[in-house]
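Overview (structure and organization)
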Amino acid sequence: MKKENSSSVPDSEASPSRRFGGAVKRTMGFVWIIIAPVIIFFLISGAINNIGNGSKDINKPIPWIIIITIFTPIAAGLMVFGYYAIKGEYDKN
Amino acid sequence: MAEISTKGIGKVIFSSSLGTLIEWYDFYIFGMLAKTISAQFFPEGNDTAALLSTLAIFAAGFLVRPFGALFFGRLGDMIGRKYTFLLTLVLMGGSTFLIGLVPGYKSIGIAAPLLVLMLRLIQGLALGGEYGGAATYVAEHAPPHRRGYFTAWIQTTATLGLFVALGVIMFVKNNMTDASFNAEWGGWRYPFLMSILLVGVSIYIRLRMNESPVFAKLKAENKTSSNPLKESFGRKENFKIVLLALFGAVMGQGVIWYTGQFYAQSFLENTVKIEFIQNREILLWAIGLATPFFLFFGWLSDKIGRKWIMLTGMLLGIIFYRPIFGALLKSANAKEWRKDTNLLSNVLLKHSTIKIDSLLQNGYPLQIIHQKNLFQFKDGIRFTEVIADTSSLSKDASFSTSVRNDTKPIYSDIILSPQLKIKFIFLIWIMIIFVTMVYGPVAAFLVELFPTKIRYTSMSLPYHIGNGVFGGLVPFIATLLSATFTGDPLVGLWYPIGVAALCFIIGALYLSNKKNEDVSD
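In this text the structure is predicted, and so the values were computed from the model without any measurement. (Residues numbered from 1 in each chain as written. Chains lettered and ligands numbered in written order. Predicted model: local features only at pLDDT ≥ 70, side-chain atom pairs only at ≥ 80, totals over all residues. Heavy atoms only, no water.)

1. Observations concerning the side chain of Lys240 of chain B
- Its place among the elements puts Lys240 of chain B in helix 12 (residues 236-270).
- The buried category is assigned to Lys240 of chain B, whose relative accessible area is 5%. (Helix = DSSP H or I, 4+ residues; strand = E, 2+ residues; numbered from the N terminus. Buried < 20%, exposed > 50% of the residue type's maximum accessible area, 1.4 Å probe, protein only.)

Rendered as structure tokens:
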């Protein structure tokens, strides 16, 4: 894997601004974890409300099946990203 | 770090960029000729053909491109960049040429849409494999202090491919009648057939190139990956970087790219109602004038880092999309022109035609009167107004005295005055400048994130999810938002703005502006 660019400074020795930055990154991890299921919920409710209600692409089932199929692992990826952020995986640049 | 010479870098860039440009050209002409292709292969009223048409549009962009990134990325990390992106070029060129040869639905029935769908899926697969190979190949030839500038040449290809596709289609269309162009074996096939020549030249040039020196060294030392997919996505240390690349950079880049180049064009055509040829002219000028900025921002990223250039492009999109699209809509408002007494005093020509349709409604005769007015003004503005009125007949067949104005006038085929056209070119140009900011440095940025032995795989997947899925969804989500919130004609922009904003926050928080100089590890 790529080597880290910055020096690995233990948390106790890091500057206050760096400690604050790390705390923000970790806290925001919860936001990324919450956003992922919200996206999937909106996609599924969008599909339910629009399929069969007209003749546009948004009213056909196939696009929704494809989009929800491809977006589910992407949303899961966003949750994993959030989890990594909480665990401090991105604390160092 | 391995010493990299810039000797022959021009040939490397030319051979890689030309092939990638042709792949984009091949991919775009299908989308641009979608109406004609649809009429030839996916006729209305046939449910199977309609299903295949939807699959051709959605599956090729969303499902197959990321799959192509995985398939060819793995291949490129195992056997090498040169042969892999040569293969993608052959697949793309071959399938484009064959689309030009498939007989229409009238001749061979359901086999026609099936063949076209299959070829379109191969196109999507090939596109998924091409970019990562070309970007990696150039980056692995480039010296660290000029990597952004050299890979920016690859970044121009997606835009120049659009430029060439637009130019070729306009050239063919302008040299024949609409009937000749749209016939079963008509002019629409020429851009597809022409692809074989372009691809032939590009294959010849690419065959004469050597393997990337960085990868060749790795191969000679027997250090290539035996399972790039597992190493890329199965190991936390690399997977977390893949996720960061996707959510902190490429996702936002994808929506900015799509909105500036494609959504703008369809907005001008379908919402502002600019006439077909003038719409393409505006886009061609804007693209032509903005393209050098890909190189500029690639160069600048070598000096000041990649992160903030890309994020600034996103931020500008977030701030200015609604004002710019709003200005486009307001500046060409035929409804307001129609009310403007000063403008109406300058009418050069007003030509009206009336068509009457008679029908029965609940047993009573009814007439629908379609009035089509063509306005042309001294300053060059032109537009068409269509009004449909209904008049009822009484039982004894004498026309009722009242005529109902039951539809609002519909305006279309707007031709702008030269001054307005320049304003539109400028506004589209600004949006493509945002594209150049996010897109110019991104190849170097992605290449520097991953180690050589899994670089092709690791960078291809986030790139194609960002561009193909997040970017490609712009028109679909825009239609969805417009159908849900009918009062705001710009409501569709909240999708790219929202995605770009999310990406901006993630990128600003988690990305580093430091460049990784050594890509030979």
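2. A closer look at the confidence of the model for chain A
- Chain-level pLDDT for chain A is 85 on average; 85% of the residues reach the 70-or-more range.
- Counting interchain partners and residues more than four positions distant, the pLDDT-below-50 stretch residues 3-8 of chain A has 12 contacts. (pLDDT = per-residue confidence, 0-100. Contact = heavy atoms within 4.5 Å.)

3. Remarks on the interface of chain B and chain A
- Taken together, the contacts link 45 residues of chain B with 33 residues of chain A.
- With both sides pooled, the region where chain B packs onto chain A buries about 3,600 Å², and carbon together with sulfur makes up 77% of that total.
- Three residues, Lys240, Phe476 and Tyr510 of chain B, lead the burial of chain B against chain A; their summed loss comes to 19% of the area buried on that side.
- Summed over the shared surface of chain B and chain A, the number is two salt bridges.
- Note that Lys236 of chain B is salt-bridged to Glu89 of chain A, the shortest N-O span being 2.6 Å.
- Those elements that provide at least two residues to the side of chain B that touches chain A are helix 3 (47-78), helix 12, helix 19 (442-449), helix 20 (455-471), helix 21 (474-484) and helix 22 (494-510) of chain B.
- Taken together, the residues of the side of chain B that touches chain A sort by class into 29 nonpolar, five polar and 11 charged. (Buried area = accessible area lost by both parts, 1.4 Å probe. Salt bridge = Lys/Arg side-chain N within 4 Å of Asp/Glu carboxyl O. Nonpolar A, V, L, I, M, F, W, Y, C, P; charged D, E, K, R; others polar.)

4. Here's the deal with unusual backbone geometry
Residue and element names in this part refer to chain B.
- The backbone of Asn222 shows a phi angle near 60 degrees, a positive value even though the residue is not glycine.
- Among the structural elements, Asn222 can be located in the loop between helix 10 (213-220) and helix 11 (228-233).
- Backbone geometry at Asp413 places phi at a positive 50 degrees, although glycine is not the residue there.
- One can find Asp413 in strand 5 (residues 410-415).
- On the basis of relative accessibility, which here comes to 43%, the residue Asp413 falls in the partly exposed class.

5. Some details on the pattern of salt bridges
- One pass over the structure, following the stated rule, counts 21 salt bridges over all chains.
- Between Glu221 of chain B and Lys217 of chain B there is a salt bridge, with the nearest N and O atoms lying 3.4 Å from each other.
- We classify Glu221 of chain B as partly exposed; its relative accessible area is 37%.
- On the accessibility criterion, Lys217 of chain B (44% relative accessible area) is partly exposed.
- Here the salt bridges do not stand alone but share partners, grouping Glu89 of chain A together with Lys236, Glu237 and Lys240 of chain B into one network.

6. A closer look at the packing of helix 1 (residues 16-50) of chain A against helix 22 of chain B
- Look at helix 1 of chain A against helix 22 of chain B: their axes get within 11 Å of each other, and the N-to-C directions meet at 150 degrees. Judged on the interaxial angle alone, helix 22 of chain B and helix 1 of chain A are roughly antiparallel. Remark: the crossing between helix 1 of chain A and helix 22 of chain B carries left-handed chirality. Between helix 1 of chain A, through Val24, Lys25, Met28, Gly29, Trp32 and Ile35 of chain A, and helix 22 of chain B, the contact on the second element is made entirely by Leu502, Ile505, Ile506, Leu509 and Tyr510 of chain B.
- Partitioned by chemical class, the residues of the contact of helix 1 of chain A with helix 22 of chain B number nine nonpolar, one polar and one charged. (Axes fitted to C-alpha atoms, helices over the stretch in contact; angles between N-to-C directions. Parallel < 35°, antiparallel > 145°, perpendicular 65-115°, else oblique. Left-handed = near helix turned anticlockwise from the far one by under 90°.)

7. Focus: the packing of aromatic side chains
- Enumeration according to the criterion identifies 41 aromatic pairs over all chains in this entry.
- Arranged with centres 5.2 Å apart and planes meeting at 75 degrees, the rings of Trp64 of chain A and Phe476 of chain B form a pair that is edge-to-face. Pair noted here: Trp64 of chain A is in helix 2 (residues 61-86) and Phe476 of chain B is in helix 21, and the two residues belong to different chains.
- Centre to centre, the rings of Phe81 of chain A and Phe247 of chain B are 5.9 Å apart; their planes meet at 50 degrees, and the pair counts as tilted. Residue Phe81 of chain A is located in helix 2, and its partner Phe247 of chain B is located in helix 12; the two belong to separate chains. Per residue, the accessibility class of Phe81 of chain A equals that of Phe247 of chain B, and both read buried. (Phe/Tyr/Trp six-rings, centres within 6.5 Å; stacked < 30°, edge-to-face > 60°.)

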